[in-house]
Amino acid sequence: MNKLVKGSIATAAGVALLLGGAGTFALWSDTAGVQGGTVQTGVLDIAPVADTAKWADVSVNGRTGATFNPATDKIVPGDTVTFTQDVTLTAEGKNLKAELALATDAAKIATAFAAQGVGSVTLGTTVKSGSATVVAKEAGKVFTVTPGAAGATGASTSTLQVVVTVAFNAGVTEQTAQSLAAAVDLTKLGFTLTQVRGANAS
Amino acid sequence: MDATTAPRRRSSRLRGLFLGIALTAVAVLVAATAAGGTYAAWSTTVTVPGATLSTGSIGLTVNDVQQYSVPGMTDIPLLPGRSVVSTTPITARNTGSVPLRVTVGALTVPVGDVLGQNILVGVRTIAAGQSCTVTASGIPASSQPFSLAPGATAALCVEVALKADAPATVQGRMVDFGVALVGDQVRP
């Protein structure tokens, strides 16, 4: 380690000597101050809006628009239920852009329900208020969110309505995936907002 | 410092120098590579109160069992053009959580059985509390599908007739037959 430090110092000294050798030494010296200003970091935050979580039965031919109580109601082939939650997106910063997705482990899906063609869990989101724009990057999974113009506080605040849709395919046969106590476990449901740069930033 | 250790120290200093230069190069390379790609910078997660979803079930029983033998079918011998029926209705029950459309499946009889080929079976619903009676014409009406809500029951009569043109070879014979009730989920 000691050798390493010495080596680094020697390299730095060598570079300094090389640079110094190329110029001339001034005897006079002057300094001018420039007002650089203060640099501030931005904000990226997502927070749930209180009392906006709700379940609904949106089955095509069923109790469309009806409420759904996951504690007592059970889903059967052909059912589609949604969990809707409003979230507030706060963003402040130039070039700030983020991707919205379900958090890791947000949905635990039973093997029988996850089997090909049986059931699915998808994510959707729409802008409810504010000037943010949402574009699907990966349908049903990932959305690119671009915060809109900053408001009076300097931050861009928008409200997004996030919808988690659980669908049970009507095309299953026999007794496929019946009596699953935990077909879809959303007790650790969460949404992640991750800043993106590079190809996704314009 | 003696003559034997001096060259060794010099070479170890040189090694340190080269290592320092190499590390600097690696650091520059890593920084340049990272700046060129896509990577996550800030990240935030919010958790919301979700729930656990359970799936429902489908179930259909006859007299609370999966397979039920209808009693009393052999009490009265069959004659050509006549039918017999079990007086006490059987009960079909929807034990699942989905509404069912119940259809009566095809009659199953032993392959090649001459009596089996000459019987007709009809399954029909009757109002609760009633008894089953034979059809006056001796020909049971063809079985019709019926609906069964979750938890609901239906009283059914199973009537068996011997075709009027049955050959004499079916005399004095017995045959086991089966009829399946098939429940299919229906959307409300």
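Reading the values: rules and limits
- Residues numbered from 1 in each chain as written.
- Chains lettered and ligands numbered in written order.
- Predicted model: local features only at pLDDT ≥ 70, side-chain atom pairs only at ≥ 80, totals over all residues.
- Helix = DSSP H or I, 4+ residues; strand = E, 2+ residues; numbered from the N terminus.
- Buried ≥ 20, exposed ≤ 12 C-beta atoms within 10 Å, placed from the backbone.
- Contact = placed C-beta atoms within 7 Å.
- pLDDT = per-residue confidence, 0-100.
- Pairing = 2+ DSSP bridges.
- Nonpolar A, V, L, I, M, F, W, Y, C, P; charged D, E, K, R; others polar.
- Axes fitted to C-alpha atoms, helices over the stretch in contact; angles between N-to-C directions.
- Core = buried A, V, L, I, M, F, W, Y, C linked by C-beta atoms within 7 Å.

Time to look at the overall build of chain B. Each helix and strand in chain B was counted, giving one helix and 10 strands. The order of helices and strands in chain B, counted from the N terminus, is α-β-β-β-β-β-β-β-β-β-β. For chain B, the residues scored as buried account for 21% of the 188 residues in total. In chain B, once contacts between residues fewer than 6 apart in sequence are set aside, the share between residues at least 24 apart is 81%.

Quick look at the overall build of chain A now. Scanning chain A from terminus to terminus reveals two helices and 13 strands. Put simply, of all contacts in chain A between residues at least 6 apart along the chain, 74% involve residues at least 24 apart.

Attention now goes to the confidence of the model for chain B. All names here are of chain B. Confidence along chain B averages 84 in pLDDT terms, with 79% of residues attaining 70 or more. Low pLDDT, under 50, characterises residues 31-37; the predicted model gives this stretch two contacts beyond four residues in sequence or across chains. With a pTM of 0.73, the predicted complex shows an ipTM of 0.74.

Two faces make up the sheet, and in a regular strand the side chains alternate between them. Bridge count for strand E3 (residues 60-62) of chain B against strand E5 (residues 90-94) of chain B is three bridges, and the pairing is antiparallel. Note on E5(B): the bridge partner recorded for B:Leu60 is B:Asn94.

A separate point is unusual backbone geometry. Positive phi is not limited to glycine here, since A:Glu174 has a value of about 50°. Locating A:Glu174 in the fold gives a position in the loop between strand E11 (156-168) and strand E12 (184-185). Of note, the phi angle at B:Asp64 is positive, near 65°, even though the residue is not glycine. With respect to the secondary-structure elements, B:Asp64 resides in the loop between E3 and strand E4 (83-85).

Now for the sheet that holds strand E2 (residues 52-55) of chain B. Within a sheet, each strand pairs with its neighbour through backbone hydrogen bonds, oriented either parallel or antiparallel. Taken in spatial order, the four strands of this open sheet run E4(A)-E2(B)-E12(A)-E7(A), and their pairing is mixed. Looking at strand neighbours, the two that pair on one side only are strand E4 (74-75) and strand E7 (108-109) of chain A, the edges of this open sheet.

In this complex, chain A contributes 54 residues to the contact, which on the side of chain B involves 36 residues. Ranked by residue count, the leading element in the side of chain A that touches chain B is helix H1 (residues 2-22) of chain A, at seven residues. Within the side of chain A that touches chain B, the residues separate by chemical class into 30 nonpolar, 17 polar and seven charged. Where strand E13 (residues 190-195) of chain A lies against strand E1 (residues 43-47) of chain B, five bridges are found, and the strand directions are antiparallel. Of the residues in E1(B), the one forming a bridge with A:Thr194 is B:Ser43.

Moving on, we get to the sheet that holds strand E10 (residues 178-185) of chain B. Residue and element names in this part refer to chain B. Pairing within the open sheet is antiparallel, and its three strands lie in the order E8-E6-E10. The two strands at the open ends of the sheet, each matched to only one other strand, are strand E8 (146-148) and E10. Adjacent strand axes in the sheet meet at a mean angle of 40° when their direction is disregarded. Where strand E6 (residues 100-108) and E8 come together, three bridges link them in antiparallel fashion. Pairing of Val102 across the sheet is with Phe146, part of E8.

What follows concerns the nonpolar core. Counting residues in hydrophobic clusters, the biggest one holds 61 residues, and the most contacted among them are A:Ala107 and A:Val184. With near-sequence residues (within four places) excluded, A:Ala107 lies in contact with A:Leu102, A:Val121, A:Val184, A:Leu186 and A:Leu189.

On to the environment of A:Ile75, then. Residues and elements named next belong to chain A. As for its placement among the helices and strands, Ile75 is situated in strand E4. A tally of 26 C-beta atoms within 10 Å means that Ile75 is categorised as buried. C-alpha separation for the pair Ile75 and Phe168, spaced 93 residues apart in sequence, amounts to 7.2 Å.

Turning our attention to the environment of B:Gly138. Assignment of secondary structure puts B:Gly138 in the loop between strand E7 (119-126) and E8. Setting aside residues up to four positions removed in sequence, B:Gly138 forms contacts with B:Gly81, B:Arg82, B:Ser83 and B:Ala161.

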